Amino acid sequence: MRILIVGAGYVGLCTGVMLSESHDVTLIEIDERKVRRINSGISPIYEKGIEHLLQERVEQENLKAQLPNAEVGPVDMVLICVGTPASSDGSVNLDQVSSAVDFILSRVDELIREHMIIVMKSTVPPGTTRKYVKNRVKHTEFQDKIGVVFNPEFLREGSALEDAKNPDRTVIGCSNSDEFERVKAMYTPVLAEDSQVFIQTNLESAELCKYVSNSFLATKISFANEMANIAEKIPGADIDEVMKCVGLDNRISPKFFRAGAGYGGSCFPKDTAGLRSLANTLDVDTPIIDAANEVNSERPEKLVRMLRSELDLLSGKDIAVLGLAFKPGTDDTRYSPAIKVIDILVEHGAYVRVHDPLSSKIQEKINLPKEVQITDNLEETMREVNGAILVTDWPIYEDLGLERIVESMKNRVFVDGRRVFANSEIPRGVRYITVGTGCSE
Ligand code: UGA
């Protein structure tokens, strides 16, 4: 198939790399620098395994990027993969979706051979695909030749390519079985054999299911964090043991049930806010989602409180923060709990040193307060500090072991916000505090 993808951001690029294994894919991107990088086989995003595949697909001429004004020619599918950021009131900003649809419809003469399907992959509030795409297509002379589908993405940063090939399910929201079969045929050759689970729904159910999935996962994490708060007050209780026992119930599952520093990233915060805002417009209250967000927003403060319970005043003290990305395997710091931890430490007058294995990539993208030093050299971060908080569970920390990490600290007070060392032997002389273990506060 010939596939056009509008938007070479995270979802567009990963989906393009995956589909180009069997199809001819063109990415449309307004950022000229990104276009150049992609066509040179260099990924504009950090994602496990992408560089190698991107280079291979570009060399084989199965994947290319171009600016919107370049010629495309006829295609079978157009995937919309543009950003849908949150507005300041939590509602979803659809400007990029609108521009993408303008672009497609302005070029429809060139894009249609016999039939074409517009596949919306951007996360949008229910009703958007109908209003912004289907209803607009209806007013063109090509309405019988254009199908409109909503097909949510469930890719996790850091394992996006693996997720793209091995989805638990592929949801295809559409109006008829012809659209369903065509989109299914696009995915069938590139998905792993045991991941060929396709579900047909209508447009609105498919749109809503993306918000509900992310909101449920966020709620599950906050529930685990609330249970961790309880476990901490019970001598001997251990939240990992508890959640393992609970998660082995098939109805519950152990995944996304780890207590820690809370969830970050652009998706859970954005989609819980988006669903809440949608519900408000429909006059529906969302006490569960509100509580999930409230529990989550308290996690960074809690980690700093744990440190203060040992060090008392933080003013003038050197404190190490381990990990800045919102989770391991990415250089994305959007809504990262580490950013909030750093802000709170700075408010308390601490001098903060941050370690992240991807610090150089991160530094290109964000500005930290001047009191904060960031490096990828862990030894430099830990030297003579008065205390440390681990926020992101990069594997390198577990690989090194707590003894090595703390050896050059001045005061060996270590708050483990992700329970990385909760089941390891704690070296003598280290005051180790973690979430979810009885009497840690
Ligand atoms: C999330 C969803 O998992 C994807 O299915 C979805 O496609 C994506 O959002 C999206 O909407 O685009 P992502 O934000 O990349 O993916 O990251 P996750 O792996 O879901 O982690 C989110 C946060 O939850 C991280 O900060 C992580 O540390 C935290 N987390 C995760 C926990 O605190 N506990 C857990 O048990 C699991």
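Rules used throughout
Residues numbered from 1 in each chain as written. Predicted model: local features only at pLDDT ≥ 70, side-chain atom pairs only at ≥ 80, totals over all residues. Heavy atoms only, no water. Helix = DSSP H or I, 4+ residues; strand = E, 2+ residues; numbered from the N terminus. Rg over C-alpha atoms; globule rule 2.2 N^0.38 Å. Buried < 20%, exposed > 50% of the residue type's maximum accessible area, 1.4 Å probe, protein only. Near = heavy atom within 4 Å. Polar contact = N/O pair within 3.5 Å; in protein donor to acceptor, adjacent residues only side chain to side chain. Areas by Shrake-Rupley, 256 points an atom, 1.4 Å probe, with all protein chains shown as cover. Nonpolar A, V, L, I, M, F, W, Y, C, P; charged D, E, K, R; others polar. Pairing = 2+ DSSP bridges. Axes fitted to C-alpha atoms, helices over the stretch in contact; angles between N-to-C directions. Phe/Tyr/Trp six-rings, centres within 6.5 Å; stacked < 30°, edge-to-face > 60°. Core = buried A, V, L, I, M, F, W, Y, C linked by side-chain atoms within 4.5 Å. Contact = heavy atoms within 4.5 Å. Right-handed = clockwise from strand over helix to strand, strands pointing away. Expected span 1.5 Å × (residues − 1). Patch = residues over 30% accessible without salt bridge, like charges linked within 9 Å, V, L, I, M, F, W, Y side chains within 5 Å. Salt bridge = Lys/Arg side-chain N within 4 Å of Asp/Glu carboxyl O.

**Some thoughts on the overall build of the protein chain**
Working step 1: What the protein chain contains, in helices and strands, is 18 helices and 14 strands.
Working step 2: For a compact globule of 441 residues, the expected C-alpha radius of gyration is about 22 Å, and the protein chain comes in at 24 Å, within 12% of that figure.
Working step 3: Its C-alpha atoms give the protein chain principal-axis dimensions of roughly 75 × 45 × 40 Å.
Working step 4: The buried share among the 441 residues of the protein chain stands at 53%.

**Quick notes on the site of the ligand**
Working step 1: In the region of the ligand, 20 residues are neighbours, and Glu153, Glu157, Lys210, Asn214 and Lys327 sit closest.
Working step 2: A distance of 2.8 Å is found between an oxygen atom of the ligand and a side-chain nitrogen or oxygen belonging to Lys210.
Working step 3: At 2.8 Å from an oxygen atom of the ligand is found a side-chain nitrogen or oxygen belonging to Asn214.
Working step 4: Alone, the ligand offers 720 Å² of accessible surface; in the complex the protein occludes 94% of this.
Working step 5: Looking at the shell around the ligand, the elements that each hand over two or more residues are helix H9 (203–232) and helix H11 (267–281).
Working step 6: A class-by-class count of the residues in the shell around the ligand yields nine nonpolar, three polar and eight charged.

**Section: the sheet that holds strand E10 (residues 351–355)**
Neighbouring strands of a sheet are bound in pairs by backbone hydrogen bonds; such pairs are parallel or else antiparallel.
Working step 1: Across the sheet, which stays open at both edges, the six strands sit in the order E11-E10-E9-E12-E13-E14 with parallel pairing between neighbours. Taken across any chain shown, the strands that pair with only one partner, and hence form the sheet edges, are strand E11 (372–375) and strand E14 (431–434). The mean inter-strand angle of the sheet, taken between neighbouring strand axes irrespective of direction, is 20°.
Working step 2: With four bridges joining them, E10 and E11 adopt parallel strand pairing. When the bridges of E11 are listed, His355 appears paired with Thr375.

**So, the packing of aromatic side chains**
Working step 1: Within the structure shown, the criterion is met by five aromatic pairs.
Working step 2: With a centroid separation of 6.1 Å and an interplanar angle of 70°, the aromatic rings of Phe414 and Phe421 are classed as edge-to-face. Both residues of the pair, Phe414 and Phe421, belong to the buried class.
Working step 3: Relative to Tyr432, the ring of Phe414 has its centre 6.4 Å away and its plane inclined at 10°; by these criteria the two rings are stacked.

**Structural notes on the nonpolar core**
Working step 1: Counting 39 residues, the largest nonpolar core has Leu19, Leu79 and Val183 as its most contacted members.
Working step 2: Per-element tally for this core: the top contributor is helix H1 (residues 10–19), with seven residues.
Working step 3: The residues touching Leu79, leaving out its near neighbours within four places in the chain, are Ile3, Leu4, Ile5, Val6, Thr15, Leu19, Val119, Lys121 and Met186.
Working step 4: Counting residues in each nonpolar core, the second largest holds 36 residues, with Leu4, Val72, Phe103 and Ile112 among its members.

**Some points on the pairing of strand E5 (residues 112–120)**
Working step 1: Most of E5 sits inside the fold, with seven of its nine residues counted as buried.
Working step 2: Pairing geometry for strand E4 (residues 75–80) and E5, over five bridges, is parallel. Within E5, the position partnered with Met77 by the bridge is Ile117.
Working step 3: Sheet topology places E5 next to strand E6 (residues 146–150); five bridges connect them, and they run parallel. Pairing of Met120 across the sheet is with Phe150, part of E6.
Working step 4: In this fold, E5 hands off to helix H6 (residues 128–138), which returns the chain to E6; that crossover is right-handed.

**Considering unusual backbone geometry**
Working step 1: The phi dihedral of Glu61 falls on the positive side, at around 60°, and the residue is not glycine.
Working step 2: Structurally, the position occupied by Glu61 is in the loop between helix H3 (50–59) and strand E3 (63–66).
Working step 3: Since its relative accessible area comes to 67%, Glu61 is described here as exposed.

**Regarding helix H4 (residues 95–106)**
Working step 1: Over its 12 residues, H4 runs 16 Å from end to end, which matches the ideal 16 Å to within 8%, given 1.5 Å per residue.
Working step 2: Contacts made by the buried residues of H4 are with strand E1 (2–6), strand E2 (24–28), E4, helix H5 (108–111), E5 and H6.

**Some points on a nonpolar patch on the surface**
Working step 1: Taken together, the side chains of Val242, Val246 and Ile252 present a nonpolar region at the surface, about 190 Å² in accessible area.
Working step 2: Summarising the element assignment, Ile252 is placed in the loop between helix H10 (239–247) and H11.
Working step 3: We classify Ile252 as partly exposed; its relative accessible area is 35%.

**Observations regarding the pairing of E10**
Working step 1: For E10, the buried fraction is high: four of the five residues fall into the buried class.
Working step 2: One ladder, built from five bridges, connects strand E9 (residues 318–322) with E10; its direction is parallel. Looking at E10, one finds that Ala320 is bridged to Arg353.
Working step 3: Note that the unit made of E9, helix H14 (residues 337–347) and E10 has a crossover that is right-handed.
Working step 4: Each parallel crossover has a hand, and for E10 linked through helix H15 (residues 359–365) to E11 it is right-handed.

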